[in-house]
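These are the residues of each chain, in order.
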Amino acid sequence: MLPSLHRLPLVPTGANKEEWTPSMGKLLQLVIVLDCTGSMASAMAAVKRAVLSVVDEMHAKMTESGIKSDDLSENITVQFSLITYRDYRDMPACADPLPFGGPDAVRAGIEAEDATGGDDFPECVELALHYAQTKLEWEDKADKMMLLVTDAPPHAQGGVGDYYPNGAPSQYKCPDIWTTVDRLAERGVCMTICGCGGFDSHRRTPTIYELMARKTNGRLVRFEAIQGSLASYLGTAALEEDFVQNVLERVGGMNLSEDAYNQAVDEAMEGMQPMFRSLGAKEYAVKTFFDVAKFDDAKDSEGVKAAFRSLGATDDDYGDGHGADDDGPPAFRSLGADDDMGAPSFRSLGGGEESPMSPPAKVMRSAPPAAAHKSHVTTTRDRLRRRA
């Protein structure tokens, strides 16, 4: 008999995690973190359409595959949350998370948003992740997933065109983004990151997000490749997360040698490849221009910037919005301004952290090197071995 899936009923806006109890089986919590700046309209529409179908897609995947495994839970309840963000000039820069509940609330939340705003090239991703880490009520025993959909990097990762080169303004009390990523990883939150539009034409951005995915045992994919089948992709990813966590829980406590652990992983994966193969499809890969393994020792944004410099990255590795032939940061290169000066305001004359003047449109230079790396396509087996 195939395992059955508990179909989460559509619940009113504001429903929260109290509707789940351990007697209902496994709980999977999925927070959607969505860039809502002006370039993201089509992605927002796709996410809105997909979220109501995720649970049905999980059920269809199980039924159609005919695959049985002791490492797939018999009953899975899925809860959703939503965090929308833009940048620090927008009010609010980042919305408070919706409490975990049914998909209707997330759909309504996205419908209430317009794809507008944004500031410089990076957006306040660091604040959105901080809110996910600190403001959501994560269940200790739940599987935890994050879907981050964006076309721009976080602040403070180097390069010109960043009006907040030190990260979030002080009033937000937001830690360094890599501290937050480590805390999410410690809590067991797996990040699926979808890069949209010209995401991989800006050389630092894919590496930054590949590193995030690596740290949280997730994956980086091209949004346009999965946009038409997003509900199916998320449903499969949710089943994979259940499978991965169950295998890790079962095998991780056996105190096995590396070889024995890998053998146990191979045995768990026997017959499962057809169910999860689509998650690691080569066409989903995002180009990266730096070897992400070189960033493993980076503990914070300064470490990430140092790693980029050591690999030959230059200050214009992602654009400043002033055109491919422009030679400098927004206003004052001829006066000797430092490339990391941040906002093109009169900061040196005593300006604080106020919003910058007249930010450029998000039109970035595209400058891929002659020989680009191709990002590794993360498979289910990779995820299991990464946690060994």
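Here the structure is a predicted model, which means the values were calculated and not measured. (Residues numbered from 1 in each chain as written. Predicted model: local features only at pLDDT ≥ 70, side-chain atom pairs only at ≥ 80, totals over all residues. Heavy atoms only, no water.)

K.L.:
What is the right way to look at the overall build of the protein in this model?
P.N.:
Per the secondary structure count, the protein includes twelve helices and seven strands. When burial is assessed residue by residue, the protein has 55% of its 388 residues classed as buried. Once local pairs closer than 6 in sequence are excluded, the contacts in the protein between residues at least 24 apart make up 85%. (Helix = DSSP H or I, 4+ residues; strand = E, 2+ residues; numbered from the N terminus. Buried < 20%, exposed > 50% of the residue type's maximum accessible area, 1.4 Å probe, protein only. Contact = heavy atoms within 4.5 Å.)

K.L.:
Would you take a moment to explain the packing of helix α8 (residues 230-252) against helix α9 (residues 258-269) for this structure?
P.N.:
Helix-helix packing is described using two parameters, namely the angle between the two axes and the distance between the axes. It is at 11 Å that the axes of α8 and α9 come closest, and there the two elements cross at 140°. With respect to α9, the element α8 is oriented oblique. The two elements α8 and α9 cross, and the hand of that crossing is right-handed. On the side of α8, the interface is formed by Phe243, Val247, Leu248, Arg250 and Val251, while α9 contributes Tyr261, Ala264, Ala268 and Met269. (Axes fitted to C-alpha atoms, helices over the stretch in contact; angles between N-to-C directions. Parallel < 35°, antiparallel > 145°, perpendicular 65-115°, else oblique. Left-handed = near helix turned anticlockwise from the far one by under 90°.)

K.L.:
Is there a simple way to think about helix α3 (residues 103-111) in this case?
P.N.:
Residue pairs spaced three or four apart in an α-helix point in one direction, given the helix's 3.6 residues per turn. Within the sequence span of α3, burial applies to Pro103, Ala105, Val106, Gly109 and Ile110. The buried residues of α3 occupy one face: seen down the axis, they fall within an arc of 160°. Where α3 is buried, its residues contact β1 (26-35), α1 (41-51) and β2 (76-85). (Arc of directions from axis to C-beta.)

K.L.:
Just to check I follow, could you spell out the packing of aromatic side chains for this structure?
P.N.:
The geometry of two aromatic rings is summed up by the distance between their centres and the angle between their planes. As enumerated under the stated definition, the model contains eight aromatic pairs in all. Pairing Tyr88 with Tyr164 gives two aromatic rings, centres 5.1 Å apart and planes at 70°, and the pair type is edge-to-face. Here Tyr88 is found in the loop between β2 and α3, whereas its partner Tyr164 is found in the loop between β3 (143-150) and α5 (177-187), with 76 residues between them in sequence. Grouping residues by exposure puts Tyr88 and Tyr164 together as buried. Note on Phe199 and Tyr209: the rings are 5.5 Å apart at their centroids and 25° apart in plane angle, and the pair reads as stacked. Note that Phe199 is positioned in the loop between β4 (189-195) and α6 (204-215) and Tyr209 in helix α6, a separation of ten residues in sequence. In this structure Tyr209 comes out as buried when scored by relative accessible area, which is 0%. A network of ring pairs unites the aromatic residues Tyr88, Tyr164 and Tyr172 as a single cluster. (Phe/Tyr/Trp six-rings, centres within 6.5 Å; stacked < 30°, edge-to-face > 60°.)

K.L.:
What should I look at first to understand the pattern of salt bridges in this one?
P.N.:
Here the idea is simple: oppositely charged side chains can pair when their charged atoms come close. This model, assessed by the stated rule, comprises 14 salt bridges. Residues Lys26 and Asp143 are paired through a salt bridge, measuring 3.1 Å at the closest nitrogen-oxygen approach. Placement of the pair is Lys26 in strand β1 and Asp143 in strand β3, with a sequence separation of 117 residues. The two residues Lys26 and Asp143 agree in class, both being buried. A salt bridge links Arg383 to Glu240; its shortest N-O distance comes to 3.0 Å. Taken together, the positions of Arg383 in helix α12 (residues 380-386) and Glu240 in helix α8 put the pair 143 residues apart, joining distant regions of the chain. Using a relative accessible area of 1% as the deciding quantity, one classes Arg383 as buried. Several salt bridges converge on common partners, so that one network encompasses Arg219, Glu240, Glu241 and Arg383. (Salt bridge = Lys/Arg side-chain N within 4 Å of Asp/Glu carboxyl O.)

K.L.:
Where do I start with the sheet that holds β3 in this structure?
P.N.:
Two modes of strand pairing occur in sheets, parallel and antiparallel, and in both the strands are linked by backbone hydrogen bonds. Strand order in the open sheet formed by five strands is β2-β1-β3-β4-β5, and the pairing between neighbours is parallel. Because the sheet does not close on itself, it has two edges, and the strands there are β2 and β5 (219-222). Averaged over neighbouring strand pairs, the angle between their axes works out to 20° when direction is ignored. Here β1 pairs with β3 via seven bridges, running parallel. The residue bridging Leu30 from the neighbouring strand is Met145, located in β3. Here α1 sits on the sheet in contact with β1, β2 and β3, set at roughly 160° to β1. (Pairing = 2+ DSSP bridges.)

K.L.:
I keep staring at α9 and nothing clicks. Help me out?
P.N.:
The terminal C-alpha atoms of α9, which comprises twelve residues, lie 16 Å apart, in line with the 16 Å expected from a rise of 1.5 Å per residue. The set of residues buried in α9 consists of Tyr261, Asn262, Ala264, Val265, Ala268 and Met269. Considered in projection along α9, the buried side chains sweep an arc of 155° and stay on one side of the axis. At its buried positions, α9 is contacted by α8, α10 (273-276) and α12. (Expected span 1.5 Å × (residues − 1).)

K.L.:
I tried to follow the environment of Tyr163 on my own but got confused; where do I start?
P.N.:
Following the sequence through the fold, Tyr163 ends up in the loop between β3 and α5. A C-alpha to C-alpha distance of 9.9 Å links Tyr163 and Glu123, two positions 40 residues apart in sequence.

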